[in-house]
Each structure stands twice: as C-alpha cells, then as structure tokens.
Amino acid sequence: MRVDVVSIFPGYLAALDLSLVGKARQSGLLDLRVHDLRDWTTDRHRTVDDTPFGGGAGMVMRPDVWGTALDSILSAAPDDAAVAPGGEPAPGGAHLIVPTPSGEVFTQRHAEALATEDHLVVACGRYEGIDARVAEHYRAAGVAVSELSIGDYVLNGGEVAALVMIEAVARLIPGMVGNPASLVEESHGAAGLLEYPVYTKPPAWAGLEIPEVLLSGHHARIERWRRDRALERTAERRPDMVAALDVTALDKHDLAQLRELGWVVEDGRLVRR
Ligand code: 6GU
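Residues numbered from 1 in each chain as written. Predicted model: local features only at pLDDT ≥ 70, side-chain atom pairs only at ≥ 80, totals over all residues. Heavy atoms only, no water.

### A short note on the overall build of the protein
Note the cut-off: A helix here means a DSSP run of H or I that spans at least four residues, while a strand means a run of E at least two residues long, and both kinds are numbered starting from the N terminus. Two residues form a contact once any of their heavy atoms are found within 4.5 Å. Only the protein chains shown count as cover for residues, with accessible areas throughout obtained via the Shrake-Rupley method and a probe of 1.4 Å. Residues counted as positive are Lys and Arg, residues counted as negative are Asp and Glu, and His and the chain ends are not counted. Note on charges: their place is set at NZ of Lys, CZ of Arg, CG of Asp or CD of Glu.
Across its full length, the protein holds nine helices and eleven strands. In terms of overall dimensions, the protein has C-alpha extents of about 70 × 45 × 40 Å along its principal axes. Residue pairs at least 24 apart in sequence account for 69% of intrachain contacts in the protein once pairs closer than 6 positions are excluded. Of the roughly 15,700 Å² of accessible surface on the protein, 53% is carried by carbon and sulfur atoms. If the 27 positive side-chain charges of the protein are averaged to one point and the 40 negative ones to another, these points end up 6 Å apart.

### A short note on helix α7 (residues 219-237)
So the rule is basically this: Expected helix span is given by 1.5 Å per residue-to-residue step, counting one fewer step than there are residues. Think of it in three bands: with a 1.4 Å probe and only protein chains considered, a residue is buried below 20% of the maximum accessible area for its type, exposed above 50%, and partly exposed in between.
A rise of 1.5 Å per residue sets the reference length of α7, with its 19 residues, at 27 Å; its end C-alpha atoms lie 27 Å apart and thus fit the reference within 8%. When α7 is considered as a whole, its buried residues turn out to be I222, R224, W225, D228, R229, A230, L231, T234 and A235. Contacts made by the buried residues of α7 are with α8 (239-243), α9 (252-260), β10 (263-266) and β11 (269-272).

### Quick notes on helix α5 (residues 159-170)
Its twelve residues give α5 an end-to-end C-alpha distance of 16 Å, which sits within 8% of 16 Å, the value for a rise of 1.5 Å per residue. When we look at burial in α5, the residues that qualify are E159, A161, A162, L163, M165, I166, A168, V169 and A170.

### Observations regarding the pairing of β10
Every regular strand shows the same layout, with side chains that alternate between the two sheet faces. Applied cut-off: Being paired, for any two strands, means DSSP has found at least two bridges between them.
Direction of pairing for β10 relative to β11: antiparallel, over a ladder of four bridges. Bridging across to β11, E266 finds its partner in R269. Counted between consecutive antiparallel strands, the loop separating β10 from β11 contains two residues, among which D267 sits at a positive phi close to 55°.

### Some points on the pattern of salt bridges
To keep things clear, this is the line we draw: Should a side-chain nitrogen of Lys or Arg be within 4 Å of a carboxyl oxygen of Asp or Glu, the pair is scored as a salt bridge.
Scanning the entire structure with this criterion turns up 16 salt bridges. The closest approach of N and O atoms between R126 and E159, which form a salt bridge, is 2.9 Å. One end of the pair, R126, is in the loop between β6 (119-123) and α4 (133-140); the other, E159, is in helix α5, and 33 residues separate them in sequence. The same class applies to R126 as to E159, namely buried.

### Some thoughts on the site of the ligand
Where we set the bar: Note on terminology: near, applied to a residue and a molecule or strand, indicates that one of the residue's heavy atoms is within 4 Å of it. Under the rule applied, a polar contact is a pair of N or O atoms within 3.5 Å (in protein, one hydrogen donor and one hydrogen acceptor; residues adjacent in sequence only if both atoms are side-chain atoms). For this classification, the nonpolar set comprises Ala, Val, Leu, Ile, Met, Phe, Trp, Tyr, Cys and Pro, the charged set comprises Asp, Glu, Lys and Arg, and every other residue, Gly included, is treated as polar.
Near the ligand the following residues occur: P99, T100, P101, L148, S149, I150, G151, Y153, L155, G157 and A161. Between the ligand and the protein, one listed contact pairs a nitrogen atom with a side-chain N or O atom of S149 at 3.3 Å. Here a nitrogen atom of the ligand and a backbone polar atom of G157 are 3.5 Å apart. About the coverage of the ligand: the protein hides 96% of its 290 Å² of free accessible area. Looking at the shell around the ligand, the elements that each hand over two or more residues are β5 (95-105) and β7 (144-149). Among the elements that make up the shell around the ligand, the one with the highest residue count is β5 (three residues). Taken together, the residues of the shell around the ligand break down into seven nonpolar, four polar and no charged.

### Some details on the pairing of strand β1 (residues 2-7)
Applied cut-off: Note on handedness: a clockwise path from strand one over the helix to strand two, with the strands aimed away from the viewer, defines a right-handed crossover.
Among the six residues in β1, six count as buried, and that is most of the element. Regarding the hand of the β-α-β motif, the stretch spanning β1, helix α1 (residues 19-27) and strand β2 (residues 31-36) is right-handed.

### Here's the deal with the environment of V242
Counting through the fold element by element, V242 comes out in helix α8. A relative accessible area of 1% means that V242 is categorised as buried. V242 sits 33 residues away from E209 along the chain, and the two C-alpha atoms are 29 Å apart. Ignoring anything within four residues of it in the chain, the contact list for V242 reads T234, A235, L258, W263 and L270.

### So, a nonpolar patch on the surface
Test applied: Residues qualify for a patch when their relative accessible area is over 30% and they have no salt bridge, like charges being joined within 9 Å and the nonpolar side chains of Val, Leu, Ile, Met, Phe, Trp and Tyr within 5 Å.
Together, F9, Y12, Y153, L155, V160 and V164 make up a nonpolar patch on the protein surface, roughly 510 Å² of accessible area in all. In this structure, Y12 sits in the loop between β1 and α1.

### What about the nonpolar core?
Formally: For this analysis, a nonpolar core means a set of buried residues of the types Ala, Val, Leu, Ile, Met, Phe, Trp, Tyr and Cys, connected via side-chain atoms within 4.5 Å.
Counting 30 residues, the largest nonpolar core has V3, L30, F106, V122, I166 and V169 as its most contacted members. Of all the secondary-structure elements, those providing two or more residues to this core are β1, α1, α3 (108-114), β6 and α5. In terms of nonpolar packing, the next biggest core, distinct from the first, is built from 22 residues, M61, V98, A123 and V145 among them.

### What to know about the sheet that holds β5
Just so we agree on the cut-off: Only the contacting stretch of a helix is used when fitting its axis, a line to C-alpha atoms as for every element, and angles between N-to-C directions run 0 to 180 degrees.
Pairing is parallel in the open sheet, where five strands are placed in the order β2-β1-β6-β5-β7. Of all strands in the sheet, those bounded by a partner on one side alone are β2 and β7. Pairs of neighbouring strands in the sheet enclose a mean axial angle of 25°, with direction left out of account.

In short, the description is geometric, and any link to function would need to be established separately.
See below:
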C-alpha cells in the first residue's frame, strides 16, 4: 500500500517511523511518504491560509495551494494517477482522506475498507479547516474522498487524527500483524462486543488473584467465562453496542447473561428492561 500524507507540520508524522508501522515501511509492505504542504506555495512567505469569506474567527486553508499539492501527488503516484491532467480519474485510483472534526466518525469498519485500497492520500488541515471546494473538486473529478473525524472532541489539526487512522488501517494490511489471530477476537471486531479482561503472570499480584477458571484448562468453560465478561463490559461501558447486537448471532447463554445485565429481546431487538 502507498500512503501520502500532506501537512504543514510533517514532523508530527515522525511517529510513523516507529513500531509496527515503521517495520512495515522498512520491509516495503507500506510505502509511506510525508510531504510539507508549504513546498507547493509560490510566495515569499509560503502562505497556506487566508481569512474566511463571510467573516468569522480564524483562518481557512487556501484551495489553490492544496490543489497544486494534491494534483502533483495524485499524478506522480504509481497507480497511474487518480486524475490525469484534464482527464479522467483512473479506476481504482487514490482514496483521498481529509481528517476533520466535521467528518463522519471513523470506525473499525472504515479501517477495514481503507485497508483494501492501493493508495491513500491524507490531507491534514489546520486552523478552521480546508476550503470546502477542495473536497468538492476531487469528488467531481471521480476521486473517492472521505472526510473523517476520530471522535467528538476538537484537535488543533488533522495530524494526530491521521496518525490514528493510518495505524488502524496499516495493522490490517495482510502480513502486518505477526499473529493474524490477534486481529480476530479484539474489540470492535465482528462480534460487536468489547474485549474480555486479560491476565498474565504472576498469578497473585498486589493481593489480587486471577479468576480460577483461567487456570482450569477447561476450554469450553474459559470460552463461556470470556464471552460473559465481554457481554458484561459492553453492557456497562457501551450500551449503544449492546442495542446494536444482531440477536440472531446470540446463543441462549448470551441471552441469559444479557437478561441478568438488564437487557431483553423485544421485537427482535435488545432493549433495556
Ligand atoms: Cl480528524 N481533526 C480535528 N482537527 N479535530 C478532530 C478530528 C479531526 N477528529 C476529532 N477531532
């Protein structure tokens, strides 16, 4: 996979040299390039922003600078250019991601879909954001454009959100994670439940022991115990996820456990008693 990130603070993206993502870059699994938006400015002050039309606080990033940067990155890419100069977008071209607090909320489903792409271009805005014509223009040119938020809080720019999204996507690229089984059971996977609590050695620590069943070697009982803890945690911390569970994917033990937690099935959906 190729990923291009454009920012006025390329140093923010230095964390992508570390850990799993760093290794994937070294091994060639991930071709990740970070660009400084100011490299595409033409004035002496390397200006990237200006005051908003209509008035109001803050500054808006100029579409002309972003357009020059994105045209150059989209046309230099090995996927044969998402947009040829004055031409048609190539099928299967780049997917443009614009991190913004006014975007759709990024979830594991977005990460899974983006992990199947060949080329991502991440446009990190600062200030009050990027002139809205940029997303509009590339969409009209046939580029897939996703404006995505990482949650309901405000950051100073898209860089940290880009780090979050790139890490979430990169770990799903085949060959990235050493043990693919660790991707299967984790939180926000297909089961729609949070992960159960985990324990390791020593068996007694700070006066706390680990649950007996985990030492029993009884696999079926361990599985049931873990499933019950996952249901319990999810009911406690994320009732929205319980309400969204597919009732037909639950067994009678799940339903009994959920009933104990105050959830019952009504008209084929889980509701709080
Ligand atoms: Cl993607 N950008 C900014 N600036 N703030 C955010 C965000 C993105 N997601 C949540 N807050």
